[in-house]
Every structure is written in C-alpha cells, then in structure tokens.
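Here's the letter readout for the chains.
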Amino acid sequence: MNGPAHPSAPQGAEPPPPHGAGPSAHNRTNRPVPGARPAPPRPPLRSRTVFAAAHVVADPHADTTPDGPAAVDWDTTLAFRHHLWAHGLGVAEAMDTAQRGAGLDWGAAAELIRRSAAEAGTVGGLLACGAGTDQLPPHETSLDRVRGAYEEQLGLVEDAGGRPVLMASRQLAAAATGPEDYRTLYGHLLRQAARPVILHWLGPVFDPALAGYWGSEELDAATETFLAIIADHPGKVDGIKVSLLDPAREVALRRRLPGTVRCYTGDDFHYPELIAGDEHGFSDALLGVFDPLAPAAADAVRLLDGGDTAAFRAALDPTVALARHLFQAPTRHYKTGIVLLAWLAGHQSHFTMVGGLQSARSLPHLRRAHELADGLGLFPDPELAAHRMRQLLAVYGAQDA
C-alpha cells in the first residue's frame, strides 16, 4: 500500500486550531462540526430523481482487522444520511460507495439497510438499497445458491421498506455460462419482487470481477440481453443504474428503454451532460460522487427544476475535475477520496475506513482532492479542512498543505 494506513493524529483529539481558526476547528471530534450538520430541510427535487450513494463511517476505536467484520459508527453514518435527505437528495444505501465487497460484509450491510430505512421513515427520505449476493464465497459457481442469496437480500430490503437495487453480482458473473443464465435468474427475481426494482450494471472499470456481465464481453451483445430482461417483465423495473463510463453508450441505451423505465446515470465522469439530457430525454442519477457534492448537486438540479439548463451546466460542470480525480484508475478505490472529503468537511471525526482502505490512495492524490474540493467551496469550514489536511500530512512527514 502506498498511502496512509493508520493516521494516528486525525483519529484522536485535535491540537489547538491554527491562528484565526474558528471554534469548530477544535471541537471534540466524535461529532460533526456545526457547519457540517444537516441543513434545514429543503423541498424535494422535481425535474430529476437523484440518489447519492452514501459512504459508511468506520468506528476508529474498534479492535478489528482488514479481513474482520466491519466496525461501523452507526450514529455518524446515519447523521450523514440525514445530511443528504435535508438537501433533497435520495440515499442509495449499501452500494459500492458504502464499501460493499470492499470491507463491508453482508451482516453489516443488512444492519445498515434496516437502520437507514428506519431513519428514512422519520423524514420521508427517498431510499434505495442494494441487494446482492455477497454473503456467498467470492467464486461461488452454483446458480441455485446465487439465486437464494439474491432472494435473501431482496426480501430484507423489501421488508425494511427500501426500493431494491439488484446489484451486479460477482458470484453470478463466476457461475453464469451465457446470456440465458442471466435471463433465467433475473426473470425469477423480477417475478417475485413486490415492487419495481432498479437493475444495476456496474462495469469492470469499477470491479474487474464483473467482466462479461449479462453473458458477453461484447457490450453490444450484453446490452441486448439486458434490454430483453426488461422487456420480458413489464412493470417490474423502475429503472436501470448504468456505470460504464461511456456516455454515448448510456444515451443509446436510455433511448431504447420503455417509457416507464428510468435511466439512473452512474457515470461519475460525464454526469452533467447526461443529467441535462437532450431533445430525446435525460438521465436521472445514482452517483457516488454526489456524496461529497450533495449541496452543490442539489442546488444545480434545482436550476433544472426552473428550466435553466445553461445555469445547471455552469454550476455542475466545474465539479467534474474533482470527480475525475476521485475516480481515476484504479477506479474501485474512489471511496478513499470520498471519505477523506467527509472528514475534511466535518461530517466525521477521523479519516479511517472499514477494511483499512484509507491506505488505498497516495498522499499526493489526497492532497489534490483537498485542493480541488476547496476550490469548489465544498467545505463548510475551510480552515478546519486545511487544519485537518495539515495533520494528515504531518503524520507522514510531508510538508504543509
């Protein structure tokens, strides 16, 4: 690993703030700073349905190991969901941004879904929850066991009251022998789903184990299988979540969807143009990058609510440089930068991740993430953010930010 592994100073009580810093810079760090508390609730977004895939906050004091059970700070994790709902965004829960398959085990994910659903009910928050097969061994090859795992998780999400997102499954990718296996298995799940679901297509750039999903390495053939599954089950699919980082392919796909099926972009490189749309339609959104961008993203979509597409693009286009930095190769490690920004913004007291994945990005990468986010005005207390970044750098003998 080439980045910070266990930054001891950021986890404990902070030293006195730098000269001129406000009181929030030396708050006890086991709660969010005042500037990062949820904003007064704002009206829901009207012109687009927008989910932010939310990260989880680790418990930095838990005695665990990278391959042990995930230790979650539940209070701070749920407080962050209220922050997203307060800005009018929906929460996409227990998705890859929450480290599903990368430190967050199924037991913790199930508890996260239950707790988030209960919190959503207190504020009328929009909630979609991932249902996958990650309780199985990574290379499970029995299609019956894969189906059973999906059924277990789908049932839990529905019982909790969330909208299910049928996540792309590493185990299904390992077990399936061709397109018909996907059509059969997804058909079974869709027939028994109690409400319309979101189908999840996560490309191999996010997870190499998902290469060849839908039964083919050839994306045109995979697209035909994907569309056939939707066509076979009218009324059972609310939308599709597409994370291929190929805007032309996403636009072509969304133009072929039935009118009742949404396209939720998961393209963290091209989201402004895809959400803005064209004369033929637009994409809604389910994005990991909207975790750190929540206030800016919500404000931008409200410009679309008022019909001002140019103002929407002017507001959101400048955020793409940060998104591309966070999601640069290896893209699957984007979560490290997102958690860094949550710490710098005061949403949590430390820079620790489940599975120790705070070590997955280099110090230069993290320093640049701070610079880009600061330039966008994303930090409620910029002096606190700068102070915390200096702490992190100092632990590793680096120069001040």
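Placed above this text is the structure.
Residues numbered from 1 in each chain as written. Predicted model: local features only at pLDDT ≥ 70, side-chain atom pairs only at ≥ 80, totals over all residues. Heavy atoms only, no water.

Peer 1: Kindly report on the sheet that holds strand S2 (residues 90-93), identifying the contributing residues and their values.
Peer 2: What the eight strands build is a closed barrel, ordered S1-S2-S3-S4-S5-S6-S7-S8; its pairing is parallel. If you compare each strand with its neighbour and ignore which way they point, the axes differ by 25 degrees on average. Pairing analysis gives six bridges linking strand S5 (residues 197-202) to strand S6 (residues 237-243), with the strands arranged parallel. By the bridge assignment, Leu202 is partnered in S6 with Ser243. On top of the sheet, helix H3 (residues 106-123) reaches S2 and strand S3 (127-131); it is set at about 170 degrees to S3, its chief contact. (Pairing = 2+ DSSP bridges. Helix = DSSP H or I, 4+ residues; strand = E, 2+ residues; numbered from the N terminus. Axes fitted to C-alpha atoms, helices over the stretch in contact; angles between N-to-C directions. Contact = heavy atoms within 4.5 Å.)

Peer 1: Summarise empty space enclosed by the protein; cite the residues concerned and give the values.
Peer 2: Scanning all chains against the criterion turns up two cavities of 30 Å³ or more. Estimates place the volume of the largest cavity at around 60 Å³. Along the walls of the largest cavity sit Ala53, Asp96, Thr97, Phe206, Lys241, Gly266, Asp268, Leu286, Leu287, Gly288, Phe327 and Tyr334, which together make up its complete lining. (1 Å grid on protein atoms, 1.4 Å probe; cavity = no way out; pocket = protein on both sides within 12 Å on 5 of 7 lines; lining within 4 Å. Points joined across faces, edges and corners; volume = space filled by probe spheres on them.)

Peer 1: Can you explain the layout of surface pockets? Please cite residues and give values.
Peer 2: Computed from the structure, the largest pocket encloses a volume of approximately 760 Å³. Of all elements in the fold, only helix H5 (170-175), S5 and helix H13 (334-344) reach the threshold of two or more residues within the lining of the largest pocket. Taken together, the residues of the lining of the largest pocket break down into 19 nonpolar, eleven polar and nine charged. Roughly 330 Å³ of volume is contained in the second largest pocket. With three residues, helix H2 (residues 74-86) is the single largest residue contributor to the lining of the second largest pocket. For the lining of the second largest pocket, the residue count by class is twelve nonpolar, six polar and three charged. (Nonpolar A, V, L, I, M, F, W, Y, C, P; charged D, E, K, R; others polar.)

Keep in mind these values describe shape, not function.
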